[in-house]
Amino acid sequence: MKSNHVFDDFAKKQQLLEDEKLQMWFDHSLFTFQWWFGALLLIISIVIFIIFRKRNSTDRLLYVGTFTALLSSLLDLVGNSLGFFHYHYEVIPFTDNYFPWSISIIPVSIMFLLQVKPNTSPYIKALALSLIVSFVILPFLKFIGIYHPVHWKMYYSAPVIFIIYLIADYLSKKDRFTKLNEE
C-alpha cells in the first residue's frame, strides 16, 4: 500500500532525529550543570515527599500525584509538539518534556499544598501555586537555559497550573473507593 510507504518513510526520518537527539544529549547535556540540577530536582522532590507526606494519606496523595504527573506530562508533550516551548538539558534523553518538572516538581508541589492547611480555600492555593510557577520558577528555568518559550508567554501557564491544582484538589477529596474484592 502506498500509505504504508509514507508511514515507513516518516518512521525512518523520526529514528534519524531520535539518534541525533541522543547523540546531542550525550555531547551537550549529560553531566552539565543543568543536567545535575534536574537530577537533583528529581531526587530532592522524591525525598521531600517521603519525609513530609502524611503517612495515613500516602495512597490518596500518590493517586493525585500520579494523575498530576500524567496530566502535566501530556500537556508538556502537546506544548512541545506544537512548538510553544522546548526544553534543553533533559535528565532522560527519551522524552520531549522536562522530566523533573512534570514527573516530580509539579506533582510533589501539589501533593504538599494539599496537605498544608487543608481547610484553606483550594482557589487561594491554586492561585498561589500558579503565580509562583509562572512568575518565579519558569523564569528561573529560562534564565539557567532549561526552558525555552517560543510561542508561549510565562503567564499562559498560570491558568493551566490553576486548573491542574483544582482538579487535583477535587480528586484528593473523593471518598468513593472500595476494595476490589468487595461488591
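To keep things clear, this report deals only with the structure shown in the data block.

Conventions used here
- Residues numbered from 1 in each chain as written.
- Predicted model: local features only at pLDDT ≥ 70, side-chain atom pairs only at ≥ 80, totals over all residues.
- Heavy atoms only, no water.
- Helix = DSSP H or I, 4+ residues; strand = E, 2+ residues; numbered from the N terminus.
- Contact = heavy atoms within 4.5 Å.
- Phe/Tyr/Trp six-rings, centres within 6.5 Å; stacked < 30°, edge-to-face > 60°.
- Buried < 20%, exposed > 50% of the residue type's maximum accessible area, 1.4 Å probe, protein only.
- Salt bridge = Lys/Arg side-chain N within 4 Å of Asp/Glu carboxyl O.
- Core = buried A, V, L, I, M, F, W, Y, C linked by side-chain atoms within 4.5 Å.
- Patch = residues over 30% accessible without salt bridge, like charges linked within 9 Å, V, L, I, M, F, W, Y side chains within 5 Å.
- Areas by Shrake-Rupley, 256 points an atom, 1.4 Å probe, with all protein chains shown as cover.

Looking now at the environment of Ser29. Looking at the element boundaries, Ser29 is found in the loop between α1 (2-28) and α2 (33-52). Taking C-alpha positions, Ser29 is 21 Å from Ile137, a pair spaced 108 residues apart along the chain. Setting aside chain neighbours within four positions, we find Ser29 in contact with Met24, Trp35, Tyr89 and Glu90.

Turning next to the packing of aromatic side chains. Within this structure, the stated rule accounts for 15 aromatic pairs. Aromatic pair Phe85 and Tyr87: ring centres 5.8 Å apart, planes at 65°, arrangement edge-to-face. Ring centres of Tyr155 and Tyr156 lie 5.1 Å apart, and the angle between their planes is 85°; on these two criteria the pair is classed as edge-to-face. For Tyr156, a relative accessible area of 35% gives the class partly exposed. In this structure an aromatic cluster arises from ring pairing among Phe84, Phe85, Tyr87, Tyr98, Tyr147, Trp152, Tyr155 and Tyr156.

Enumeration according to the criterion identifies 2 salt bridges in this entry. The salt bridge involving Arg60 is made with Asp175; its shortest N-O contact spans 3.4 Å. One end of the pair, Arg60, is in helix α3 (residues 58-81); the other, Asp175, is in the segment after α6 (157-172), with 115 residues separating them in the sequence. Among the residues examined, Arg60 registers a relative accessible area of 30% and is labelled partly exposed. Taking relative accessible area as the criterion, Asp175 reaches 63% and is therefore assigned exposed. In this structure, Asp169 and Lys173 form a salt bridge, with 3.0 Å as the shortest nitrogen-oxygen distance. By relative accessible area, Lys173 is classed as partly exposed at 49%.

Another aspect to go through is the nonpolar core. The tendency in soluble globular proteins is for nonpolar side chains to be buried side by side. Ranked by size, the top nonpolar core spans 25 residues in total, and within it Tyr87, Trp101, Ile110, Val133, Leu138, Leu141 and Tyr147 carry the most contacts. Every element with two or more residues in this core is listed here: α3, β1 (85-87), α4 (99-115), α5 (122-143) and α6. If near-sequence neighbours (up to four positions away) are discounted, Ile110 is found in contact with Val64, Thr68, Leu129, Ile164, Tyr165 and Ala168. The next biggest cluster of nonpolar side chains, apart from the first, holds 6 residues, and it includes Trp25, Leu30, Ala39 and Val91.

So, about the side chain of Ser104. Position of Ser104 relative to the elements: it lies in helix α4. Here Ser104 is in contact with Leu41, Leu42, Ser45, Phe99 and Ser109, once residues within four sequence places are set aside.

Moving on: a nonpolar patch on the surface. Together, Leu40, Ile43, Ile44, Ile46, Val47, Ile48, Ile50, Ile51, Phe52, Phe112 and Val116 line one region of the surface with nonpolar side chains, adding up to about 970 Å² of accessible area. At 9 residues, the largest contribution of residues to the nonpolar patch is made by α2. Inspection of the secondary structure assignment puts Val116 in the loop between α4 and α5. When its relative accessible area of 33% is taken as the criterion, Val116 is described as partly exposed.

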